[in-house]
Amino acid sequence: MMEKREDSEDSSKFGFLKNDAFKNDSFKNELYAVNQFLNESKNDAPEVSFINDDTINDPLKFDLVKEDPKQNTFIQAELDGEKVEYNTFEKLLELVGTTGRWNYLVFFMCASVSFFSPLQSLSYQFLGRTPQHWCQVKPLMDANWTQSQILSLAIPFSNVTGQYESCDMYDYNYSHAAVLGYEQSIRDPDRLLLQVDTYEDHKKTVPCRARYFNSTYSSTVTQWDLVCERRPLYSTTFSASHSIRFISSVFQGHLLDTFGRRRCVVVCACLFTVCGFLAAVAPTLQLYLALRVLISIFDNYVYIGCYILGLEVYSRKQRSMMGNLFAVPWAVGYMVLPGIAYLVYDWYWLQAALTLPAIFMFSYFWLLPESPRWLVMNGRFKQALKILTDGARMNGNILPSDSLLLHAMNNIHNRNIRETEEGRKHSVSSVMCLVKMKHFFIRMWSLVHTVKMARITTIIFFCWFTASTTYYGISLNSVNLSTNEYIYMFLCGAMELPSYFLLWPAVSYCGRRNTNILLYLVSAISILFIPLLQVITPQGYGGMVGSFCCFWRVLPRSCSTNNLFA
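Residues numbered from 1 in each chain as written. Predicted model: local features only at pLDDT ≥ 70, side-chain atom pairs only at ≥ 80, totals over all residues. Heavy atoms only, no water.

By the naming in an unreviewed UniProt entry, the protein chain goes by Major facilitator superfamily (MFS) profile domain-containing protein and is assigned to Cherax quadricarinatus.

In structure tokens:
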């Protein structure tokens, strides 16, 4: 190890080495010997040259300390008499800074994607508004009958619901009714029967051949007649997109680790925006469904990729808090959604309006940096060095020389490779034969390869399943709760904001496990009040209870997220 030299009296408290040290031949020879030792110890290590002014003028006094005679060397710094070893990426990130402008800027760009996400994923009921509708009786409409006249003659009235039937009409000869006129037809409807000998069945109904929608706007429901027997196609819009989104999530982590966070985010963000605009002009239901599926997949990849990238520029202690703050734009987008839907009624203009803010993500091609952690772990040291240098400059911090940083990155990378290879060798011997896509399957296997990991994985999956099911069920249930859908959606978003800020101190002081248990219990009790309150006040507080439940549902949902990434 290179001996630490005492600085002259005019050196700073950090122990700066003066350029006059180069005049000492023994000191220069010592640095040369260290350089030779490092280059010979690792053939694939980057070339390191320490005999330059940058190394001598570092703000911290850095030594090269040998940790393992066979494998590793790492940087050791002396600051105010205390030695700090920079042998992990977290320590390296501390040199750049974790609470500076650069960290906040990267986090802002990453977190902003959660504003665009609810505009698409929760727009289901606004794009598919279902107005009142009845069977369309064309002969009577051609005869200039009013809608009330058509309803009274052709459409059955339900005493149970107190409304006209939406999907059936009487089996009459409506061409003959148009000739007779309304007064004679309504006075004696028997003459309109197609078969006179079936008088006792004159109340027989048949399904609608065409539909009349009592609205002045267009929705996906009115566009493709998604009511009555075609109603399941309406639900398919949401279920299909989230089902395939679930399947695509299996490959998500593998793609993010293989191609990088930034590349996946930029590509998927562009495709997300393009598909959003294409969905607004989709000529067929099949194409519209396909585009909505792609929007959901790309949305998920952008969200998770930015979530990981945003947290990787912060220290471990800060990730819990920043993970909660990451979802704040989601709540803001949640509240903005009903406002946009209130102003824009036609579904194609609404789809375009909801996609328009996502154009901001095109700027990520120039502004969003790659995760320096991912670059270091994948051996891309020069790119990582540039990002870390820019980050340190923006944070107002001074880094050691490039050669020292490159060497530290190389050692961190090599250590990660050895740990990965050891784990991979153990995993391969366990599953025996996985040749193709072995890395992917090994990662999946690592979630259940021990009893403890299988138990934790099962619990987390169950928590996510229950939280997501009830969250989306309550969020998209404004019609069944008999309340104003715009106020309902706004309240749901507004109730999420305090939950994000309350979760962080709760997790910090009570722990994740206790917080999860408590919040799931309160959520279950809150949800049970919905049917009870609907019976007591069917038109009164359903929306508020639903919003209150969203408040409690989002807490364990966020808490489960922190279990994965914090």
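Still to come is the rest of the account.
A. Layout of the state of the cysteines. This structure, assessed with the given rule, holds two disulfides. For cysteine 135, the disulfide goes to cysteine 208, at an S-S distance of 1.6 Å. Disulfide cysteine 135-cysteine 208: torsion about the S-S bond near -70°, hence left-handed. In this pair, cysteine 135 sits in strand S4 (residues 133-135) while cysteine 208 sits in the loop between strand S8 (205-207) and strand S9 (211-213), placing the two residues 73 residues apart along the sequence. On the basis of relative accessibility, which here comes to 1%, the residue cysteine 135 falls in the buried class. Judged by relative accessible area, which is 12%, cysteine 208 ranks as buried. In this model, cysteine 167 is linked to cysteine 228 through a disulfide, with the two sulfur atoms separated by 1.9 Å. Sign of the S-S torsion, about -90° for the bond between cysteine 167 and cysteine 228, identifies this disulfide as left-handed. On the criterion of sequence distance, the pair formed by cysteine 167 in the loop between strand S6 (163-164) and strand S7 (168-170) and cysteine 228 in the loop between helix H11 (220-224) and helix H12 (231-249) is long-range, its members being 61 residues apart. (Disulfide = S-S within 2.5 Å. Helix = DSSP H or I, 4+ residues; strand = E, 2+ residues; numbered from the N terminus. Buried < 20%, exposed > 50% of the residue type's maximum accessible area, 1.4 Å probe, protein only.)

B. Inspection of the nonpolar core at higher detail. Phe326, Met361, Tyr364 and Met409 are the most contacted members of the largest nonpolar core, which has 96 residues in total. Considering each element in turn, this core owes the most residues, 17 residues, to helix H15 (residues 285-311). Leaving out residues up to four positions away in the same chain, methionine 361 has contacts with Val113, Phe116, Ala269, Phe272, Thr273 and Val302. If you look at the next biggest cluster of nonpolar residues, it comprises 18 residues, including Val137, Leu140, Ala154 and Ile155. (Core = buried A, V, L, I, M, F, W, Y, C linked by side-chain atoms within 4.5 Å. Contact = heavy atoms within 4.5 Å.)

C. Structural context of the packing of helix H13 (residues 252-259) against helix H14 (residues 261-280). Relative to each other, H13 and H14 sit at 115°, their axes nearing to 6 Å. Between H13 and H14, the angle falls in the class roughly perpendicular. Of the residues in H14, those in contact with Leu255, Leu256, Asp257 and Phe259 of H13 are Arg261, Arg263 and Cys264. Of the residues contributing to the contact of H13 with H14, the split by class is four nonpolar, no polar and three charged. (Axes fitted to C-alpha atoms, helices over the stretch in contact; angles between N-to-C directions. Parallel < 35°, antiparallel > 145°, perpendicular 65-115°, else oblique. Nonpolar A, V, L, I, M, F, W, Y, C, P; charged D, E, K, R; others polar.)

D. Region of interest: the layout of surface pockets. One number sums up the size of the second largest pocket: a volume of about 430 Å³. Residue lining of the second largest pocket: Thr130, Pro131, Gln132, His133, Trp134, Thr161, Gln163, Tyr164, Glu165, Ser166 and Tyr217, and that is the complete set. Contributions of two or more residues to the lining of the second largest pocket are made by S4 and S6. Here the residues of the lining of the second largest pocket sort into four nonpolar, six polar and one charged. (1 Å grid on protein atoms, 1.4 Å probe; cavity = no way out; pocket = protein on both sides within 12 Å on 5 of 7 lines; lining within 4 Å. Points joined across faces, edges and corners; volume = space filled by probe spheres on them.)

E. Here's a closer look at H15. With 27 residues, H15 extends 39 Å between its outermost C-alpha atoms, agreeing within 8% with the 39 Å of an ideal straight helix rising 1.5 Å per residue. By the criterion of burial, H15 is predominantly enclosed, with 23 of the 27 residues buried. (Expected span 1.5 Å × (residues − 1).)

F. Local environment of empty space enclosed by the protein. One pass over the full model with this rule turns up four cavities of 30 Å³ or more. Counted as a void, the second largest cavity has a volume near 110 Å³. Every residue lining the second largest cavity is listed: Gln120, Ser121, Tyr124, Thr237, Phe238, Ser241, His242, Arg245, Arg292, Ile295, Ser296 and Asp299. Those elements giving two or more residues to the lining of the second largest cavity turn out to be helix H5 (113-121), H12 and H15. It is H12 that contributes the most residues to the lining of the second largest cavity, five residues altogether. Each residue belonging to the lining of the second largest cavity can be placed in one class, and the counts come to three nonpolar, six polar and three charged.

G. Main features of the environment of cysteine 270. You can see cysteine 270 is positioned in helix H14. Overall, cysteine 270 belongs to the partly exposed group, its relative accessible area being 23%. The sequence separation of cysteine 270 and serine 363 amounts to 93 residues, and the corresponding C-alpha distance is 9.9 Å.

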